[in-house]
Amino acid sequence: MKIPKSFNIGAASSAWQTEGWSGKKKGQDSYLDDWYKNEYFVWHEGKGPDIATDFMNRYQEDIELMKKIGLNSYRTSVNWARFFTDYEQLVIDEEYAKHIDNVIDALIEADIRPMIVIEHYELPQVLQTKYGGWNSRRVVELFVKYAEILFKRYGDRVKDWFTFNEPIVPQTRIYLDAVRYPHVVDPKQWMQWNFHKVLATAKIVRSYHQLKQDGKIGIIHNWEFSYPRSRKYQPDVLAAYRFDLLNNRLYTDPLILGSYSQELIELLKQNKIMFDFKAEDLEIIKNNRIDYIGLNLYKPTRVKEPEYSWNNNAAFNIKKYYSDFTLPGRKYNASRGWEMYAPMMYDLAMIMKNEYNNFPWFISENGIGIENEQRFKNIDGIIQDDYRISYIQENLYWLIKAVNEGANCQGYMLWAFTDNVSPMNAFKNRYGLIEIDLEHNLERRLKKSAYWYAEVIKNRVLPDESVYEYYSAFEEKNK
Ligand code: IFM
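What you are looking at is a predicted structure, and each value in this text was computed from that prediction instead of being measured. (Residues numbered from 1 in each chain as written. Predicted model: local features only at pLDDT ≥ 70, side-chain atom pairs only at ≥ 80, totals over all residues. Heavy atoms only, no water.)

*Asks:* Quick question: what am I supposed to make of the pairing of strand β1 (residues 8-12) here?
*Replies:* Working note: regular strand, side chains alternate between the two faces of the sheet. Among the five residues in β1, five count as buried, and that is most of the element. Of the two faces of β1, the one carrying Asn8, Gly10 and Ala12 and the one carrying Ile9 and Ala11 are both buried. Across five bridges, β1 lies against strand β16 (residues 409-415) in parallel orientation. Residue pairing for β16: Gly10 is matched across the bridge by Met413. One ladder, built from three bridges, connects β1 with strand β2 (residues 73-77); its direction is parallel. Counterpart to Ala11 in the pairing with β2 is Tyr74. (Buried < 20%, exposed > 50% of the residue type's maximum accessible area, 1.4 Å probe, protein only. Helix = DSSP H or I, 4+ residues; strand = E, 2+ residues; numbered from the N terminus. Pairing = 2+ DSSP bridges.)

Written out as structure tokens, the structure reads:
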């Protein structure tokens, strides 16, 4: 199968998951840094953002490796918490800002397109403490000013911008599930954060276009794909639909189509979690839609009608509307506890094509996290991650098939370029094309998949036809 020449093949990561705290100044903690300082014991083996992969000091080495693999693009973020020494007076930390200049210049020099996210969970803790984070319009205002500074400073070289990565995730973990510090259940605040992030995005889109920047501005959303247990049983279909509304469409509808669906607003009102807004906000959202969208796609969520009735005195949670369903015989990644289902790539492409008017998009994250990869080392110390190769291959297969059928998907970015730190799981599950050796001074080493990925990028064909046999059989059966 041929991969079109214009199809972008890259890899991703973020500032906080790679940088480490080298050179970080007092008062520059993000929410995540603060959480880690207070609850390092919930992070796997106590590891966290403090060292990460030490990208601050080793970015040149990493960019050399990206060049070796031939990545078309690299996505990372600017760390908002480190970009200023005063977030309200907007006093730039020139040392950090210069580091970002250096990273961008080195990427361009290596012929790798820099793609920059403005916030990948790096909300400054000072703004969380003083204003309750994204609950506040003041934070929206400060974020827009920060974005404008980035455009003016780096917009001559960076042509791909994203307001947020996975904007729904922090508040879902903090205020719905309460698994993250400070463990307070507050669904109304959850929805307010979601709304303010949509509003902030629209305001930034407006600024970007007013500043006459000549690139594109979008957002990166983690699409949570819900499949009903049965398509023929209405309560299961309804469960999947509501899951979708409350996980995906609360971002993609306003940002791509310009408004929220009536069904979502009804659900929010019924659950007394309707967000506060000003009439002009909805106009701003309607008139300032994103240019394109990145979608992170990892796993399907299989759902069925709720097994138990919900106690209406209990705080709202999306779980009110569904119960999990485990597909018998599923393909499963035991390290992460996630089902693997590559045809989901195709299904998502068809949603974008048919329900979002073929809006431009790309896969901004997809990958497989595996625990204890050391056990797969060969005699030369190279991790033989054939499972990662098949994973990428299968996912790319379904994506390119959709592109061949007219889907407007413009690229695929692997999570991640190197192994890095995830919230709580830290270095437990390894995602990288490049191993980070924690035992030996964070040494970098290409895994087998890195060599394979390099070949795919160079040749623009998916090798080994044999893996598709299963899929041909599958398609035949589903005709
Ligand atoms: O590490 C995260 C990333 O920050 C956001 N998407 C999922 C990744 C893997 O868990």
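*Asks:* How should I be thinking about the site of the ligand in this particular structure?
*Replies:* Taken together, the neighbourhood of the ligand is formed by Gln17, His120, Tyr121, Asn165, Glu166, Tyr298, Glu365, Trp415, Ser422 and Tyr431. Here Glu166 contributes a side-chain N or O atom positioned 2.7 Å from a nitrogen atom of the ligand. Within the side chain of Ser422, one N or O atom sits 3.1 Å away from an oxygen atom of the ligand. Here the ligand has 280 Å² of accessible area as a free molecule, and 92% of this is covered by the chains. A majority-of-atoms criterion places the ligand in the largest pocket. (Near = heavy atom within 4 Å. Polar contact = N/O pair within 3.5 Å; in protein donor to acceptor, adjacent residues only side chain to side chain. Areas by Shrake-Rupley, 256 points an atom, 1.4 Å probe, with all protein chains shown as cover. 1 Å grid on protein atoms, 1.4 Å probe; cavity = no way out; pocket = protein on both sides within 12 Å on 5 of 7 lines; lining within 4 Å. Sits in = over half its atoms within 2 Å of the grid points.)

*Asks:* What am I meant to see in the layout of surface pockets here?
*Replies:* The gaps left among the atoms become clear once a water-sized probe is rolled over them. Here the largest pocket defines a volume of roughly 1,200 Å³. Taken together, 46 residues line the largest pocket, and the ones lying closest to its centre are Arg173, Glu224, Lys299, Arg336 and Trp338. Ranked by residues supplied to the lining of the largest pocket, first place goes to helix α8 (residues 169-176) with four residues. In terms of residue class, the lining of the largest pocket is made up of 19 nonpolar, 14 polar and 13 charged. (Points joined across faces, edges and corners; volume = space filled by probe spheres on them. Nonpolar A, V, L, I, M, F, W, Y, C, P; charged D, E, K, R; others polar.)

*Asks:* I would appreciate a short explanation of the sheet that holds strand β14 (residues 361-365) in the present structure.
*Replies:* Sheet strands pair via backbone hydrogen bonds, and the direction of the pair is either parallel or antiparallel. Strands sit in the order β1-β2-β5-β6-β7-β9-β14-β16 around a closed barrel of eight strands; the barrel is parallel. In this sheet, adjacent strand axes meet at a mean angle of 25° when their direction is disregarded. (Axes fitted to C-alpha atoms, helices over the stretch in contact; angles between N-to-C directions.)

*Asks:* Looking at this structure, how should I read the packing of helix α10 (residues 234-257) against helix α11 (residues 262-270)?
*Replies:* For any two helices packed against each other, one specifies the inter-axial angle together with the distance between the axes. It is at 10 Å that the axes of α10 and α11 come closest, and there the two elements cross at 100°. The angle between α10 and α11 falls in the class roughly perpendicular. Residues Tyr241, Arg242, Leu245, Leu246 and Leu250 of α10 form the contact with α11, whose participating residues are Glu263, Leu264, Leu267 and Leu268. (Parallel < 35°, antiparallel > 145°, perpendicular 65-115°, else oblique. Contact = heavy atoms within 4.5 Å.)

*Asks:* Could you clarify how one ought to interpret α11 in this entry?
*Replies:* Because an α-helix completes one turn every 3.6 residues, residues spaced three or four positions apart along the sequence face the same direction. Listed as buried for α11 are Leu264, Ile265, Leu267 and Leu268. Burial along α11 is one-sided: seen end-on, the buried residues are contained in an arc of 160°. Exposed side of α11, more than 90 degrees from the buried face: Gln262 and Gln270 are the residues found there. Where α11 is buried, its residues meet α9 (187-210) and α10. One or two residues past the end of α11 sits Lys272, with phi positive at roughly 55°. (Arc of directions from axis to C-beta.)

Taken by themselves, the reported measurements are silent on function.
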